[in-house]
Every structure is written in structure tokens, then in C-alpha cells.
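Listed below are the residues making up each chain.
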Amino acid sequence: MSREETIARLFEKIDKQTEILNKVSESVATLNERSKNYDERLRNVEKFVGRIETLEKKSDVMDCACSNNKEKIDKITAIEKDIGKIKRDYWWISGIMSFLGWILGLAIGLIISLIGLFKQ
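Residue positions are given per chain, counted from 1 along the sequence in the order it is written. Since the coordinates come from a predicted model, pLDDT governs what is reported: local features require at least 70, and pairs of side-chain atoms require 80 or more to be given and counted, while whole-chain, interface and lining totals use all residues. Derived side-chain values reflect all non-hydrogen atoms in the structure, with water molecules and hydrogen atoms excluded from consideration.

Q: Can you walk me through the overall build of the protein chain in this structure?
A: Counting from the N terminus, the helices are the DSSP runs of H or I reaching at least four residues and the strands are the DSSP runs of E reaching at least two. The helix and strand tally for the protein chain stands at 2 helices and 0 strands. As a reference, a globule follows 2.2 Å times the number of residues to the power 0.38, and the radius of gyration itself is taken over C-alpha atoms. Since a compact globule built from 120 residues should have a radius of gyration of about 14 Å, the 43 Å found for the protein chain marks it as more spread out than a globular shape. Here the C-alpha coordinates of the protein chain stretch approximately 140 × 55 × 25 Å along the principal axes. Working definition: with a 1.4 Å probe on protein chains only, accessible area under 20% of the residue-type maximum means buried, over 50% means exposed, and in between means partly exposed. Here the protein chain holds 120 residues, and 0% of them are scored as buried.

Q: I'm lost on a nonpolar patch on the surface in this one. Help?
A: Each patch is built from salt-bridge-free residues with over 30% relative accessible area, joining like charges within 9 Å and nonpolar side chains (Val, Leu, Ile, Met, Phe, Trp, Tyr) within 5 Å. All accessible areas in this document rest on Shrake-Rupley with a 1.4 Å probe, and a residue is counted as covered only by the protein chains that are shown. Just to be clear on terms, a salt bridge is a Lys or Arg side-chain nitrogen sitting within 4 Å of an Asp or Glu carboxyl oxygen. The grouping of Trp91, Trp92, Ile93, Ile96, Met97, Phe99, Leu100, Trp102, Ile103 and Leu106 at the surface amounts to a nonpolar patch, some 1,100 Å² of accessible area in total. You can see Ile93 is positioned in helix H2 (residues 69–119).

Q: Would you mind going over H2 with me for this structure?
A: Residues separated by three or four positions in an α-helix point in the same direction, a consequence of the helix having 3.6 residues per turn. Expected span of a helix: the number of residues minus one, times 1.5 Å. Across its 51 residues, H2 extends 69 Å between first and last C-alpha, which sits within 8% of the 75 Å expected from 1.5 Å per residue. Note that bend, as reported per residue, equals the angle between axes fitted to the 7 residues terminating at that residue and the 7 residues originating from it. Of all the bends in H2, the greatest measures close to 50° and is centred on Asp89.

Q: Sorry if this is basic, but what is going on with the environment of Ile112 here?
A: The residue Ile112 is located in helix H2 in this model. Look at Ile112 and you get exposed, because its relative accessible area is 54%.

Below you can see the structure in the form of C-alpha cells.
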């Protein structure tokens, strides 16, 4: 083997090693990015768990403080039923009121016209 062939083989091996190092570098960069995302997600999960714990504490306090929840829920249910009835009957009430308004307007117009006739 000549000296030139040996140098050529060494350069080929160096090129292969350089390619492998580039691939490893890309893999490391990808892993670093994933670990940053993982750390950020872990912090978000920790915040979320903290919020859930505070909500659980507050719900315990609310359960103790609101012993008359059943009465309040019954009142709200009754009010919701009344609102539902009013919404259901709204168009009937509107129709009757518009009819009464029409009759009242007709009566007032008739009275004004009769007064106008008697003044002449």
C-alpha cells in the first residue's frame, strides 16, 4: 500500500467520523429541545396540581359554610320553572296586549272623532 492510498483511506475514515458526529449532534439538539418541552410541561402540570389542591380546599370550606344548599337549589329550580312558563306564555301575552292596545287606540280615535263632530 502506498502512502497516498493510506492518506486517502484516512480521509475517508475522517469523513465517515464527521458524518457520524453530525448525526449525533443533531440527535443531541433534538433531545435538548424535547427536554425543554418536557420541563415546561412538567411546570404546567405542577401549577395545575396546585390549583386543583386549592380548589379542593375551597370546596371543603364551601360545603361546611353552605348547609342550606338544598333550600337554595329548590328556590332556583322554582324560579327557573316560573321563567320557563313566562317564556312559554310570552307570545300569548303579547298577542292579548297588542289586541287590547288596538281596541284602546280604536276607542280613543272614535272618541276624538266624535268630539270633533260635535264641535262643528
